Amino acid sequence: MTGEVPDETVRALEATLFAAEEPMSVEALAGHLGGLENALVRQALDELQGHYSRRGIRLVERGKRWHFETAPDLAHLLRREREQVRRLSRAATEVLAIIAYHEPVSRAEIESIRGVQTAKGTLDVLMEAGWIKLAGRREVPGRPVIYATTPEFLDHFGLSSRRDLPGIDELRAAGLLDPVDEAFEAFQGEEDESDEASGPDGDEETDDFSAEEPA
């Protein structure tokens, strides 16, 4: 659809997003505004996004859902002096990366990629952080639960969609693959030490995730 979007449509969309408690998809916005055409809503969103591109807040899309957020260069003004520091353990970092790049994926598939068993607590930590979710069950014998990332994951890492995930070389250059590389090297070293060792497949690890708050 081409042509100018009615001003009342743009204003209604702006008011809806401003008052929304959570990000909204194009389809949800269209339905909320009386069944507008999706193409018209997208056109209005593009107009609004351009309008706010130089303002103190921005209109952004994360995981096909739209919301307002503080302009990146002004975020420091709104940070609290005391922040909760969340550190993921090596296990949680590996599991999150595997889910992000292979979703939807089951626990058994995660363990197959990592080469070690994954403690349930590791998945619980990522779910409590809001970064992964249950995405149904795999239609195979046993129907295992499968996991996927959430819009909150995309929002936290500043991604519009999973297509924006960095490539392997970028991850390694940023040091984000260090835990995975170290784990693989340690696994290889254990195998070299003893031909009789059963390997790490039977060793369930624990997650040393910690959340620290400055005193």
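Residues numbered from 1 in each chain as written. Predicted model: local features only at pLDDT ≥ 70, side-chain atom pairs only at ≥ 80, totals over all residues. Heavy atoms only, no water.

Lay out the confidence of the model for the protein in plain terms, naming residues and giving numbers.
Residues with a pLDDT of 70 or more make up 71% of the protein, whose mean pLDDT is 76. Taken together, the stretch residues 81-85 has pLDDT below 50 and engages in 11 contacts with residues farther than four places along the chain or on a different chain. Below a pLDDT of 50 lies the segment residues 194-215, which in the model reaches 47 contacts outside its immediate sequence neighbourhood of four places, other chains included. (pLDDT = per-residue confidence, 0-100. Contact = heavy atoms within 4.5 Å.)

An account of helix α3 (residues 38-51) is needed here, citing residue identities and associated values.
Compared with the 20 Å implied by 1.5 Å per residue over 14 residues, the 20 Å span of α3 between its first and last C-alpha is a close match. Residues Leu40, Val41, Gln43, Ala44, Leu45 and Leu48 constitute the buried set of α3. Contacts from the buried residues of α3 go to α1 (7-19), α2 (26-32), β2 (57-62) and β3 (65-70). (Helix = DSSP H or I, 4+ residues; strand = E, 2+ residues; numbered from the N terminus. Expected span 1.5 Å × (residues − 1). Buried < 20%, exposed > 50% of the residue type's maximum accessible area, 1.4 Å probe, protein only.)

Mind laying out the nonpolar core, listing which residues take part and the relevant values?
Ranked by internal contacts, the top residues of the largest apolar core, which has 18 residues, are Ile99, Ile110, Leu123, Leu126, Ile132 and Phe153. Every element with two or more residues in this core is listed here: α4 (90-102), α6 (120-128) and α7 (151-156). Ranked by residue count, the leading element in this core is α4, at six residues. Not counting residues within four places of it along the chain, the set of residues in contact with Ile99 comprises Val105, Ile110, Leu123, Ile132, Tyr147, Ala148 and Thr149. Grouped together as the second largest cluster of nonpolar side chains are 17 residues, Val5, Leu29, Ala30 and Val41 included. (Core = buried A, V, L, I, M, F, W, Y, C linked by side-chain atoms within 4.5 Å.)

With reference to specific residues and values, describe a negative patch on the surface.
On the surface, Glu4, Asp7, Glu8 and Glu47 cluster together into a patch of negative charge. Following the sequence through the fold, Glu8 ends up in helix α1. (Patch = residues over 30% accessible without salt bridge, like charges linked within 9 Å, V, L, I, M, F, W, Y side chains within 5 Å. Areas by Shrake-Rupley, 256 points an atom, 1.4 Å probe, with all protein chains shown as cover. Salt bridge = Lys/Arg side-chain N within 4 Å of Asp/Glu carboxyl O. Lys, Arg positive; Asp, Glu negative; His and termini not counted. Charge placed at Lys NZ, Arg CZ, Asp CG, Glu CD.)

I'd like a rundown of the sheet that holds strand β6 (residues 132-137), residues and numbers included.
Two orientations exist for strands paired in a sheet by backbone hydrogen bonds: parallel and antiparallel. Spatial ordering of the open sheet is given by β5-β7-β6, a layout of three strands whose pairing is antiparallel. Every interior strand has two partners, whereas the edge strands, β5 (105-106) and β6, have only one. For β5 and strand β7 (residues 145-149), the ladder comprises two bridges, and the chain directions are antiparallel. The partner of Val105 across the bridge, within β7, is Tyr147. Packed on one face of the sheet, α4 meets β5, β6 and β7 and runs near 90 degrees to β7. (Pairing = 2+ DSSP bridges. Axes fitted to C-alpha atoms, helices over the stretch in contact; angles between N-to-C directions.)

Residue-level account of the packing of α4 against helix α5 (residues 107-114), with values.
It is at 10 Å that the axes of α4 and α5 come closest, and there the two elements cross at 110 degrees. Judged on the interaxial angle alone, α5 and α4 are roughly perpendicular. As for the relative orientation of α4 and α5, their crossing is right-handed in sense. Residue-level inspection shows Ala91, Glu94, Val95, Ile98, Ile99 and His102 of α4 in contact with α5, the latter providing Ile110, Ile113 and Arg114. Taken together, the residues of the contact of α4 with α5 sort by class into six nonpolar, one polar and two charged. (Parallel < 35°, antiparallel > 145°, perpendicular 65-115°, else oblique. Left-handed = near helix turned anticlockwise from the far one by under 90°. Nonpolar A, V, L, I, M, F, W, Y, C, P; charged D, E, K, R; others polar.)

So what's going on with unusual backbone geometry? Residues and values would help.
Cis geometry is adopted by the peptide bond preceding Pro104, which originates at Glu103 and carries an omega value of -5 degrees. Residue position: Pro104 is located in the loop between α4 and β5. Phi angles above zero are rare outside glycine, and Lys64 is one such case at about 65 degrees.

I'd like a rundown of the environment of Lys64, residues and numbers included.
Considering the arrangement of structural elements, one finds Lys64 in the loop between β2 and β3. In the structure, Lys64 is positioned 96 residues away from Ser160 in sequence and 7.6 Å away in space, judged by C-alpha atoms. Those residues within four positions of Lys64 in sequence are excluded, and the remaining contacts are Met24, Ser25, Val26 and Ser160.

Describe the environment of Thr16, listing the residues and the values that go with them.
Mapped onto the secondary structure, Thr16 falls in helix α1. On a C-alpha basis, the gap between Thr16 and Leu29 in space is 7.8 Å, while along the polypeptide they are 13 residues apart. A distance of 2.8 Å separates a polar side-chain atom of Thr16 from the backbone oxygen of Ala12. (Polar contact = N/O pair within 3.5 Å; in protein donor to acceptor, adjacent residues only side chain to side chain.)

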